[in-house]
Amino acid sequence: MSNVKKINSIGYAHKIIGLALLFLAAVPALCYLLSQIFPAALFIRLIYISLGIGVLISLFFAGLLAIELRQDRKINREYANVKKQKLTLGNGKFECQSCGNRQVNGDDNRCCVCGTTFSV
Ligand SMILES: [Zn+2]
């Protein structure tokens, strides 16, 4: 397992999407309205700047999602490697890595809860 923090978009996705929508839709709409009232080229420029910021935020979010999916794949692979093992608990009992049953004996070759056949 690497030391890189695990990214979980569940906690922040709505905030980033909201921020992107603000710059992609809300601010440009407001600037467009203002440009209709006050004829100034500044508002048109602000629309483009806001759209640019919105696109950057969207790209940043897409990058984070890509990293998160790669982390999930790696965790799945590591879990697949250990789920057929029993982990010693130090008190003569073992833990099934597939279901977490902590009442596995040293000479058991199957988990009595989930039925996993241990490879070691
Ligand atoms: Zn089990």
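Criteria and cut-off values
- Residues numbered from 1 in each chain as written.
- Predicted model: local features only at pLDDT ≥ 70, side-chain atom pairs only at ≥ 80, totals over all residues.
- Helix = DSSP H or I, 4+ residues; strand = E, 2+ residues; numbered from the N terminus.
- Expected span 1.5 Å × (residues − 1).
- Bend = angle between axes of the 7 residues up to and from the residue.
- Pairing = 2+ DSSP bridges.
- Contact = placed C-beta atoms within 7 Å.

1. Re helix α1 (residues 13-37)
With 25 residues, α1 should reach 36 Å at 1.5 Å per residue; the first-to-last C-alpha distance of 35 Å fits that figure. Along α1, the largest kink reaches about 40° and is centred on L22.

2. Here we look at the sheet that holds strand β3 (residues 104-105)
Sheet architecture is open: three strands sit in the order β1-β2-β3, paired in antiparallel fashion. Two strands in the sheet have a free side with no partner beyond their single neighbour: β1 (86-88) and β3.

3. Concerning the environment of L51
Along the chain, the position of L51 falls in helix α2 (residues 41-82). Linking L51 and Y12, residues 39 residues apart in sequence, is a C-alpha distance of 21 Å. Excluding residues within four positions of it along the chain, L51 makes contact with L24 and P28.

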